[in-house]
Amino acid sequence: MNLFHERWRTRVSLLASGCLDGGLREKTLRHLDTCAACRDDHAALLRLLEEVRQDPVREAEPDVALQFLVARVEARLDTALSSPAWRWGWAAASLGIAVLAGALAVRFVPGFVDETRVATTPTAAPVAEVGMDAAALERLERTLAREQAVRYLAEAEDVLVNLRAEARPCPKKHAHVELDAEAERSRELLSRRALLVDLEGNALLPARDVLVDVDNVLREVASLSGCSGRDELERLRREMDERQLLMKVRLLSRELVS
Amino acid sequence: VWSNAGVDATDRELMERLVRGEREALSPLMERHHRRVYRIALAYLRNPDDALDVVQETFVKTFEHAARWNPAAEVAPWITRIAVNQSIDRYRRERRRAQTMTPMAEGDHHESLDSGGISPEDAARGTQVKARLDRALRALPERQRAVFVLRHYEERSLEEIADVLGVRLGTVKSSLHRATHELRRRLQGLLA
């Protein structure tokens, strides 16, 4: 095996990947006729790529309906646009321009440099504690618990937002609305919540009340049939409003993130 | 080609609306591209929850950075670039977290992902291959994995991959070559 042959190996893998055409493809195919090692290589790569072609990921579908994904993106954009970080971003940009203008003045205005230059002394960087102690592990677990709770709340918020939105009329019954997607999503969320969010742990103690409220609403939604009466939907909406559930979910999510 | 002319024209119109700050254009754009973005992220990260997060982050960035889109360029490759970058970012975050939770000696990260037997639940050969493919792909370096996913899951040409990743064609070729051989090495037992 030499450098020359290494070039053939590259060509053989590109051939197997379907990335060679024209004269180079013909040349590589001719080389395969004369080189047993490259032929074996080529056959093995084709087997590998055949396995990849059968990977179910290629046909995978998101297990969340598009409407929920859109709602979640909208919620993230709302949070981003209203966050102080966004407003501070603009302030920082303005400040950056001012600093740049100052730097240009220092560079180009005669006499400006010497009067403003300040001697600096390098400071020692703090020595970081290396290793994992019990407190650090506890912090990590708490962070993980909060992240999972934030994800759960974001997904639950989608369901709540959908309940608030204009309901789709049910074609089967008069004065009924379609809530099958919301009911199914609630069932799925509740089953995952039991695994992901530990309500008894200390990490989420301040969030417990809101999480229990969210669970209760999701349970009610999960118990609905696909075609439900408008009065049932209105009752759920009133319950959410009385508890100010959406606002609490958003505030809690922000608190957990921060 | 990324998409036919009619669809691309509409994609472009939607992007132009996003550039003007019209958020209503995001939903139809998501409808067209969210499955593709999901599959790219899933092929890259091998985790459905992470892939869903990447879908959301991709479209949040699509809106936030719409002004950076070049109107002369096609929309799908631009969204793909965001999706790949978001997948890489997420992978880095997860890797950092994994390293903090389980400190490992330098250089043994890839081997540790690949070691360990298949669980009894993975007894069926198809599941074995899927599980080994998950591990083997996760163990590839970031760029090699991105090139492999774009070529063999998204079926993009080498030129398109170079454009999406912002690297030279030669780099794409060598990355693809290394990725396929590394995967072959890791999956050798199952492919015999």
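Residues numbered from 1 in each chain as written. Chains lettered and ligands numbered in written order. Predicted model: local features only at pLDDT ≥ 70, side-chain atom pairs only at ≥ 80, totals over all residues. Heavy atoms only, no water.

S.K.: So what's going on with the overall build of chain A? Which residues, and what values?
M.R.: Helices and strands together make up the secondary structure of chain A, namely 11 helices and three strands. Counting helices and strands in the order they occur from the N terminus, chain A gives α-α-α-α-α-α-α-β-β-α-α-β-α-α. For chain A, the proportion of its 258 residues judged to be buried stands at 37%. The contacts of chain A with a sequence gap of at least 6 include a subset with a gap of at least 24, amounting to 68%. On chain A, roughly 16,000 Å² of surface is accessible, and the fraction owed to carbon and sulfur atoms is 57%. (Helix = DSSP H or I, 4+ residues; strand = E, 2+ residues; numbered from the N terminus. Buried < 20%, exposed > 50% of the residue type's maximum accessible area, 1.4 Å probe, protein only. Contact = heavy atoms within 4.5 Å. Areas by Shrake-Rupley, 256 points an atom, 1.4 Å probe, with all protein chains shown as cover.)

S.K.: Can you lay out the interface of chain B and chain A for me, pointing to particular residues and giving the numbers?
M.R.: When the parts of a complex come together, some accessible area is lost, and that lost area is often taken as the interface size. The partner chain A presents 44 residues to the 46 residues of chain B that form the contact. Joining chain B to chain A, the criterion identifies 17 residue pairs in polar contact (both at pLDDT 80 or more). Within the residue set of the side of chain B that touches chain A, elements represented by two or more residues are helix H2 (26-45), helix H3 (48-64), helix H4 (75-101), helix H6 (125-139), helix H7 (142-152) and helix H9 (169-186) of chain B. Broken down by element, the side of chain B that touches chain A gets its largest block of residues, 11 residues, from H3(B). (Polar contact = N/O pair within 3.5 Å; in protein donor to acceptor, adjacent residues only side chain to side chain.)

S.K.: Could you give me a rundown of the sheet that holds strand S3 (residues 227-229) of chain A, with the residues and numbers involved?
M.R.: All names here are of chain A. Strands sit in the order S1-S2-S3 across an open sheet of three strands; the sheet is antiparallel. Every interior strand has two partners, whereas the edge strands, strand S1 (168-169) and S3, have only one. Each of strand S2 (176-178) and S3 touches helix H10 (residues 230-242); the most contacted strand, S3, lies at about 70 degrees to it. (Pairing = 2+ DSSP bridges. Axes fitted to C-alpha atoms, helices over the stretch in contact; angles between N-to-C directions.)

S.K.: Kindly report on the pattern of salt bridges, identifying the contributing residues and their values.
M.R.: Taken as a whole and assessed by the stated rule, the structure comprises 39 salt bridges over all chains. Close ionic contact of B:Arg93 with B:Glu57 constitutes a salt bridge, the shortest N to O distance being 3.8 Å. Taken together, the residues B:Arg93 in helix H4 and B:Glu57 in helix H3 connect sequence positions 36 residues apart. The class for B:Glu57 is buried, based on a relative accessible area of 14%. Between B:Arg186 and B:Glu182 there is a salt bridge; the shortest N-O distance is 2.9 Å. Taken as a pair, B:Arg186 and B:Glu182 lie in helix H9 at a separation of four residues, close to a single helical turn. According to the relative accessible area criterion, B:Arg186 is buried, its value standing at 4%. Residues joined in a network through salt bridges with shared partners are A:Arg76, A:Arg151, B:Asp49, B:Asp50, B:Asp53, B:Glu57, B:Arg90 and B:Arg93. (Salt bridge = Lys/Arg side-chain N within 4 Å of Asp/Glu carboxyl O.)

S.K.: For the nonpolar core, give the residues involved together with the corresponding values.
M.R.: One finds A:Val214, B:Phe148 and B:Tyr153 to be the most contacted residues of the largest nonpolar core, which totals 106 residues. The leading source of residues in this core is H2(B), at 11 residues. Not counting chain neighbours up to four residues away, the residues in contact with A:Val214 comprise A:Tyr152, A:Leu153, A:Ala156, A:Leu245 and A:Val249. (Core = buried A, V, L, I, M, F, W, Y, C linked by side-chain atoms within 4.5 Å.)

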